[in-house]
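Structural description and commentary
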Amino acid sequence: CGKEKELYDENAAIIADAIRAISFIVYDSNDKDLIPSQTKIFKNLIKELRTEINYLGVGDHNIYGKLVEVNIDLYSERYPFLLNKKDKILEVINS
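Everything quoted here is computed from the prediction, not taken from an experiment.

**Looking at helix α5 (residues 86-93)**
Among all positions in α5, only I89, L90, V92 and I93 are buried. One face of α5 carries all of its buried residues, which in axial projection span an arc of 165°. The exposed residues of α5 that point more than 90 degrees off its buried face are D87 and E91. Where α5 is buried, its residues touch α1 (2-28), α2 (36-56), α3 (63-75) and α4 (81-84).

**Brief notes about the packing of α3 against α5**
Two elements in contact, α3 and α5, have axes separated by 9 Å at closest approach and are oriented at 150°. By the criterion of interaxial angle, the relationship of α3 to α5 is roughly antiparallel. Where α3 crosses over α5, the two elements pack in a sense that is right-handed. Contacts between α3 and α5 involve Y64, G65, V68, E69 and I72 from the former and K86, I89, L90 and I93 from the latter. A breakdown of the residues in the contact of α3 with α5 according to their chemical character gives 6 nonpolar, 1 polar and 2 charged.

**Topic: the pattern of salt bridges**
Side chains that differ in charge, positive against negative, can pair when their charged atoms come close. Across all of its chains, the model carries 2 salt bridges by this definition. Residue R20 is joined to D17 by a salt bridge in which the shortest nitrogen-to-oxygen separation is 2.3 Å. Here D17 and R20 lie together in helix α1, a separation of 3 residues that amounts to about one turn. Accessibility expressed as a relative area gives 41% for D17, which makes it partly exposed. A salt bridge links K86 to E69; the shortest N-O distance between them is 3.6 Å. In this pair, K86 is assigned in helix α5 and E69 in helix α3, connecting sequence segments 17 residues apart.

Cut-offs used in this document
- Residues numbered from 1 in each chain as written.
- Predicted model: local features only at pLDDT ≥ 70, side-chain atom pairs only at ≥ 80, totals over all residues.
- Heavy atoms only, no water.
- Buried < 20%, exposed > 50% of the residue type's maximum accessible area, 1.4 Å probe, protein only.
- Helix = DSSP H or I, 4+ residues; strand = E, 2+ residues; numbered from the N terminus.
- Arc of directions from axis to C-beta.
- Contact = heavy atoms within 4.5 Å.
- Axes fitted to C-alpha atoms, helices over the stretch in contact; angles between N-to-C directions.
- Parallel < 35°, antiparallel > 145°, perpendicular 65-115°, else oblique.
- Left-handed = near helix turned anticlockwise from the far one by under 90°.
- Nonpolar A, V, L, I, M, F, W, Y, C, P; charged D, E, K, R; others polar.
- Salt bridge = Lys/Arg side-chain N within 4 Å of Asp/Glu carboxyl O.

Distances and angles like these do not, on their own, reveal function.
Right under this line is the structure:
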């Protein structure tokens, strides 16, 4: 049981890191298309995010948007610009 919790915590940390990175990449794009280096990183993060969520057996199709909202709620005091880009981040993560 301890090993399962350890794996769950590791997966949750990977998911949280990926969501946070994706949010900042989308913010950094300034409503433009992602530059090639951002696109490659973004695609890798999305792939990793999907892998970890599937591994945990989460079947909620709205999970990405929910995770972005939690991320923005957690970090908006320190990074208020995330609130300004919330709709754009949600649009990109859900596409």
